[in-house]
Amino acid sequence: MTTPRFDELIHPSTRLTLMATLAAADWAEFAYLKDRLGLSDSALSKQLATLEEAGYVTTERRLDGSRRKVRARLTRTGRTAFDGHVAALQAIVAGATDNSATDHS
């Protein structure tokens, strides 16, 4: 069972979507992430750098012919943080749902 842990670093919608996308793949190409999130190169690079500094993401740069390609994936730490954040969000929603039957007027 995953321990719920709200993570302020992951929570902003762009990073949460980025982490969710990476959680669903082994590796994801930069171009795919850019299109999926609707970000510019610089905005995606900044988000990846922030998550990489936290140890949540690792990136790999490689040459494909004459073009440089970048891909990213979650680290073990990133997977744990993401799973904990999702569990915390689920607990918040479940708590709100449980309390919705009580009239607070």
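See above for the structure.
Note that residues are indexed from 1 along each chain, following the sequence as it is written. Residues qualify for local features only when their pLDDT is at least 70, as the model is predicted, and side-chain atom pairs are given and counted only at 80 or more; totals for whole chains, interfaces and linings, by contrast, use all residues. To get the side-chain values, all heavy atoms of the structure are used, and hydrogens and water are removed first.

(A) Structural view of the overall build of the protein chain. The secondary structure content of the protein chain amounts to four helices and three strands. Mapped from its N terminus to its C terminus, the protein chain presents α and β elements in the order α-β-α-α-β-β-α. Note that the radius of gyration is over C-alpha atoms, with the globule rule given as 2.2 Å times the number of residues to the power 0.38. Relative to the 2.2 N^0.38 estimate, which gives 13 Å for 105 residues, the radius of gyration of the protein chain is 17 Å and therefore markedly larger than a compact globule would have. Each of the three principal axes of the protein chain carries a C-alpha extent, and together these read 65 × 25 × 20 Å. The proportion of buried residues among the 105 residues of the protein chain is 29%. Surface exposure here means Shrake-Rupley accessible area, sampled with a 1.4 Å probe, where a residue is shielded only by the protein chains that are shown. Entry remark: accessible area of the protein chain is about 6800 Å², with carbon and sulfur atoms responsible for 50%. We count Lys and Arg on the positive side and Asp and Glu on the negative side, and we leave His and both chain ends out. The atoms used to mark charge sites are NZ of Lys, CZ of Arg, CG of Asp and CD of Glu. Looking at charge distribution, the protein chain has the averaged site of its 14 positive side-chain charges lying 8 Å from that of its 13 negative ones. Counting from the N terminus, the helices are the DSSP runs of H or I reaching at least four residues and the strands are the DSSP runs of E reaching at least two. Working definition: with a 1.4 Å probe on protein chains only, accessible area under 20% of the residue-type maximum means buried, over 50% means exposed, and in between means partly exposed.

(B) Seen up close, helix α2 (residues 30-37). Burial in α2 covers these residues: Phe 30, Leu 33 and Leu 37. Buried residues of α2, viewed axially, fall in a sector of 65°; they line one side. Throughout, a residue-residue contact means that at least one pair of heavy atoms, one from each residue, lies within 4.5 Å. Contacts made by the buried residues of α2 are with α1 (13-23), β1 (28-29), α3 (41-53) and β3 (67-74). Of the residues trailing α2, Gly 38 is marked for its positive phi of about 70°. This arc describes the spread of directions from the helix axis toward the C-beta atoms.

(C) The arrangement of the packing of α1 against α3 in detail. Look at α1 against α3: their axes get within 11 Å of each other, and the N-to-C directions meet at 75°. Here α3 runs roughly perpendicular to α1, going by the angle between their axes. Note on element contacts: α3 touches α1 through Leu 44, Gln 47, Leu 48, Thr 50 and Leu 51, opposite Thr 14, Arg 15, Leu 18 and Met 19. Considered class by class, the residues forming the contact of α1 with α3 number five nonpolar, three polar and one charged. Convention adopted: a line fitted to C-alpha atoms gives each axis, helices being fitted over their contacting stretch, and angles between N-to-C directions are expressed from 0 to 180 degrees. Geometric relationships in this document are graded by angle, where less than 35 degrees denotes roughly parallel, more than 145 denotes roughly antiparallel, 65 to 115 denotes roughly perpendicular, and other angles denote oblique. Polar here means any residue other than Ala, Val, Leu, Ile, Met, Phe, Trp, Tyr, Cys and Pro, which are nonpolar, and Asp, Glu, Lys and Arg, which are charged; Gly is therefore polar.

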